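Letter by letter, the chains look like this.
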Amino acid sequence: MNSQITNQINQAGHLTIGGMDSLELAKEYGTPLVVYDVSQIRHQIRAFKKVFEEEQVNYAVSYASKAFASIAMYQVANEEGAYTDVVSAGELYTAMKANFPIERVSFHGNNKSKEELEMAVKNHVGKIMIDNFYEIDLLSQVLEEQDSEINVMLRITPGISAHTHEYDQTGQVDSKFGFDLDSGQADKALQEVLKNQRMHMLGIHAHIGSQIFELNGFEMAAAKLVDVAASWRKNYDYTAQIINVGGGFGIKYVQEDHPLKPEEFVKVIVKTIKDEATKHNFPIPEIDIEPGRSIVGPAGYNLYKVGSMKEIPGLVPYVAVDGGMGDNIRPALYQAKYETVLANDPQRKASQEFHVAGKYCESGDILADAKLPSLKAGDILAMLDTGAYGYSMASNYNRNPRPAVVFAENGKAQVVVKRESLEDLIHLDQDYNI
Ligand SMILES: Cc1ncc(COP(=O)(O)O)c(C=O)c1O
Ligand SMILES: N[C@@H](CCCC[NH3+])C(=O)O
């Protein structure tokens, strides 16, 4: 049996999530279904925060909400004292609807629109993470128009290639995000921002990539950021108050993955920043991180119902489920791997390899290759660790409605995002009658 779920089997022999029987959840709320074990989300946020508290530094654990954004999710992040970062008007709007404290919101993005900046300034978001020169001009214009001021940070590309899928690398020189260091762009951006009385320059940010398993990249990025901050102090008499090393902390998807614990990442980041700051005689700054995947990934489960099966002599059989790439594009997009278990009997001996196929009209719509017991139509499969970039990247491809999202905690469950109906699918459509 999959070792991750040994403590999640109830008397009926079913998989439990947040103390709820997964079969009951599937029956009550339908499938495909996305379920979060909320206590796991809380646990992860607390694990990140604990180290900062122990290290006695000023800090912010800012949940990167692109991993999964919904009103309920922002509420949980807020309850846990997290900050959050948003990358679109949609995420900002959702956070505001959740009454997330606006001063704890930062706004990221490599091409924020004027409307998005207007919304951010009007609502006084905590920080705008400036990404490029175009944005400095646009923001300056918006601030003039609204006769307002705002806190900003500069995102730089530290020239570090994280060891991860190339789509998940963001810190290398050849990246669409942030100001380049070596060519002097970052220095020029700093000077522009410092000149602008309406922008309060709080510090410096870098994000090197996602699903990273090694400490090395974070050490290098943290050291580089302090280095840059020290050079800014020397050359421009500007002292950064905040250093933000981004997110990217890897999680375990399959048995071969050996991620570090949140505390291990944070310890190294804090130590590097403290050491480098001391070396440069630089005041210890506030240290911010932006975990997304590591907060919600391990807490998420996708439940699917088994439908058709196809045996091909001599080949691995296909078992098709009622969801697929519309609710989890990651296997098709990144060849991402997941563990799959038979939710109605996770202890039953896995005897056979299957391609777990989705229902979308794409040959690439294979959710996982899994060793499972023999299966029959109506069985419930659970894919584990689907909480990050699953529902948040969901689509209506083939005009399939997106699943419901349920939060389960301490034996109680609640729908936090309704299942889309067929009516929802057409609610933006208009008749053509020219
Ligand atoms: C700026 C920034 N911060 C944080 C994150 C969150 O990354 P992850 O979900 O890997 O922790 C991302 C996404 O990669 C990002 O672009
Ligand atoms: N969507 C990606 C991560 C993107 C991170 C955002 N910069 C994934 O699922 O791995």
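Residues numbered from 1 in each chain as written. Chains lettered and ligands numbered in written order. Predicted model: local features only at pLDDT ≥ 70, side-chain atom pairs only at ≥ 80, totals over all residues. Heavy atoms only, no water.

*Asks:* Give a description of the nonpolar core that names residues and reports values.
*Replies:* Judged by nonpolar contacts, the single largest core of 88 residues is most densely connected at Ile130, Leu139 and Val296. No other element matches the nine residues that helix α8 (residues 216–236) contributes to this core. When sequence neighbours within four positions are dropped, the list of residues in contact with Leu139 reads Leu117, Val121, Ile128, Ile130, Ile150, Val152 and Met199. (Core = buried A, V, L, I, M, F, W, Y, C linked by side-chain atoms within 4.5 Å. Buried < 20%, exposed > 50% of the residue type's maximum accessible area, 1.4 Å probe, protein only. Helix = DSSP H or I, 4+ residues; strand = E, 2+ residues; numbered from the N terminus. Contact = heavy atoms within 4.5 Å.)

*Asks:* Outline the UniProt feature "modified residue: N6-(pyridoxal phosphate)lysine" (unreviewed entry) in the protein, supporting the account with residue identities and numerical values.
*Replies:* In the numbering used here, UniProt assigns the feature "modified residue: N6-(pyridoxal phosphate)lysine" (unreviewed entry) to Lys66. Along the polypeptide, Lys66 turns up in the loop between β4 (59–64) and α3 (71–79). Ignoring sequence-local partners within four residues, the contact set of Lys66 consists of Asp85, Val87, Glu91, Tyr389 and Ser392. (UniProt positions renumbered as here; feature names shortened; annotations may be inferred.)

*Asks:* Explain the pairing of strand β14 (residues 318–321) to me, and be specific about the residues and the numbers.
*Replies:* Along any regular strand, the residues point their side chains to alternate faces of the sheet. Both strand β13 (residues 300–310) and β14 contribute to a ladder of three bridges, which runs antiparallel. Counterpart to Val306 in the pairing with β14 is Val321. Examined bridge by bridge, β14 and strand β16 (residues 352–357) share three bridges and lie parallel to one another. Along β16, the bridge assignment pairs Ala320 with Ala357. (Pairing = 2+ DSSP bridges.)

*Asks:* Account for helix α2 (residues 38–55), with residues named and values stated.
*Replies:* At 3.6 residues per turn, the α-helix brings residues three or four places apart onto the same side. For α2, which comprises 18 residues, the first-to-last C-alpha distance of 27 Å matches the rise-based estimate of 26 Å (1.5 Å per residue) to within 8%. Within α2 the residues assigned to the buried category are Val38, Ile41, Arg42, Gln44, Ile45, Ala47, Phe48, Lys49, Val51 and Phe52. Phi turns positive one or two residues past the end of α2, at Gln56, with a value near 55°. (Expected span 1.5 Å × (residues − 1).)

*Asks:* Outline the packing of aromatic side chains, listing residues and values.
*Replies:* Taken as a whole and judged by the stated rule, the model has 14 aromatic pairs. Ring centres 6.3 Å apart and planes at 55° place the aromatic pair Phe68 and Phe407 in the tilted group. Of this pair, Phe68 sits in the loop between β4 and α3 while Phe407 is found in strand β19 (residues 404–409), placing the two residues 339 residues apart along the sequence. Exposure class is identical for Phe68 and Phe407. Each is buried. Judged by centre distance (6.3 Å) and plane angle (55°), the ring pair of Trp232 and Tyr238 falls under tilted. A relative accessible area of 0% means that Trp232 is categorised as buried. For Tyr238, a relative accessible area of 8% translates into the label buried. (Phe/Tyr/Trp six-rings, centres within 6.5 Å; stacked < 30°, edge-to-face > 60°.)

*Asks:* Explain the environment of Ile295 to me, using residue names and the numbers behind them.
*Replies:* Mapped onto the elements of the fold, Ile295 is located in helix α10 (residues 293–296). Once you skip the residues sitting within four places of it in the chain, Ile295 turns out to touch Gln40, Ile41, Gln44, Ile45, Phe48, Val61, Tyr63 and Met73.

*Asks:* Account for the side chain of Thr31, naming residues and giving values.
*Replies:* You can see Thr31 is positioned in the loop between α1 (22–29) and β3 (33–37). Residue classification places Thr31 among the buried positions, given a relative accessible area of 16%. Within the local environment of Thr31, its side chain forms a polar contact with the side chain of Asp322, the two groups lying 2.5 Å apart. If near-sequence neighbours (up to four positions away) are discounted, Thr31 is found in contact with Ala26, Leu303, Tyr304, Lys305, Asp322, Ile380 and Arg419. (Polar contact = N/O pair within 3.5 Å; in protein donor to acceptor, adjacent residues only side chain to side chain.)

*Asks:* Which residues make up the pattern of salt bridges, and what values do they have?
*Replies:* As enumerated under the stated definition, the model contains 18 salt bridges in all. Taking the shortest distance from any N to any O, the salt bridge between Lys376 and Asp379 comes out at 3.0 Å. Counted as one network, the salt bridges with shared partners bring together Arg42, Arg46, Glu79, Glu80 and Glu409. (Salt bridge = Lys/Arg side-chain N within 4 Å of Asp/Glu carboxyl O.)

*Asks:* Explain the site of ligand 1 to me, and be specific about the residues and the numbers.
*Replies:* Inspection of the region around ligand 1 gives 14 residues, with His207, Ser210, Glu290, Arg293 and Tyr389 positioned closest. At 2.7 Å, a backbone N or O of Arg293 approaches an oxygen atom of ligand 1. In this structure, Tyr389 approaches ligand 1 through a side-chain N or O atom, which is 2.6 Å from an oxygen atom. Bound to the protein, ligand 1 loses 93% of the 390 Å² it would expose on its own. (Near = heavy atom within 4 Å. Areas by Shrake-Rupley, 256 points an atom, 1.4 Å probe, with all protein chains shown as cover.)

*Asks:* Outline the pairing of β3, listing residues and values.
*Replies:* When you tally the buried positions in β3, you get five out of five residues, the bulk of the element. Along β3, one buried face is formed by Leu33, Val35 and Asp37 and the opposite face, lined by Val34 and Tyr36, is buried too. Here β3 runs beside β13; their pairing, made up of four bridges, is antiparallel. For Val35, the partnering residue across the bridge sits in β13 and is Tyr301. Note: β3 against β19, five bridges, orientation parallel. Note that in β19 the partner of Leu33 across the bridge is Ala404.

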